[in-house]
Amino acid sequence: MTAIAEILSTAMPRSAPRGSDLPTCPVCADTMVAAEASAYLSNSVVSYLWTCDTCGYGFVTKHPVQQIMCS
Ligand SMILES: [Zn+2]
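It should be emphasised that the depicted structure is a prediction, and the values quoted were computed from it without experimental measurement.

1. Section: the coordination of the zinc ion
- Here the zinc ion is held by the protein donor atoms Cys-25 (SG), Cys-28 (SG), Cys-52 (SG) and Cys-55 (SG), which lie 2.3 Å from it.
- Considering all four donor atoms around the zinc ion, angles at the metal cover 101 to 122 degrees and the coordination shape is tetrahedral.
- Mapped onto the sequence, the donors of the zinc ion take the spacing C-x2-C-x23-C-x2-C. Taken together, the residues span a long stretch of sequence, with Cys-28 in the loop between helix 1 (2-11) and strand 1 (37-40) and Cys-52 in the loop between strand 2 (45-51) and strand 3 (58-64) at a distance of 24 residues.
- On the accessibility criterion, Cys-28 (33% relative accessible area) is partly exposed.

2. A short note on the environment of Pro-64
- Mapped onto the elements, Pro-64 comes out in strand 3.
- Considering only alpha carbons, one finds Pro-64 and Val-45, 19 residues apart in sequence, at a separation of 4.5 Å.

3. Details of the side chain of Ser-47
- Checked against the element boundaries, Ser-47 lands in strand 2.
- The class for Ser-47 is buried, based on a relative accessible area of 10%.
- Those residues in contact with Ser-47 that sit more than four places away from it in its chain are Ala-37, Ser-38, Ala-39, Leu-41, Val-60, Thr-61 and Lys-62.

4. Describing the sheet that holds strand 3
- With respect to topology, three strands assemble into an open sheet ordered 1-2-3, the strand pairing being antiparallel. Strand pairing shows two members of the sheet lacking a second neighbour, strand 1 and strand 3, which therefore form its edges. Direction aside, the axes of adjacent strands within the sheet are offset by 20 degrees on average.
- Strand direction decides the pairing type here: strand 2 and strand 3, joined by seven bridges, are antiparallel. For Val-46, the partnering residue across the bridge sits in strand 3 and is His-63.

Cut-offs used in this document
Residues numbered from 1 in each chain as written. Predicted model: local features only at pLDDT ≥ 70, side-chain atom pairs only at ≥ 80, totals over all residues. Heavy atoms only, no water. Donors = N, O, S within 2.8 Å, 3.2 Å for Na, K, Ca; no water. Tetrahedral: all angles 85-135°; square planar, octahedral: opposite > 155°, others 65-115°. Helix = DSSP H or I, 4+ residues; strand = E, 2+ residues; numbered from the N terminus. Buried < 20%, exposed > 50% of the residue type's maximum accessible area, 1.4 Å probe, protein only. Contact = heavy atoms within 4.5 Å. Pairing = 2+ DSSP bridges. Axes fitted to C-alpha atoms, helices over the stretch in contact; angles between N-to-C directions.

Here you go:
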């Protein structure tokens, strides 16, 4: 059972996105650094609006939100 707990702990991503998770522009493949805007679609999904500085292409990504138990 200890092994299963270790796998779960490492598989759970932190709420903060990792650098390798940054999206790339589908037009010019430039790496997006910061989202233009964000909006919650529900309690568990947040969407980010990205605009490419290089070509101006805009797109939206959706991410699951980790529920933080710190009330
Ligand atoms: Zn681009």
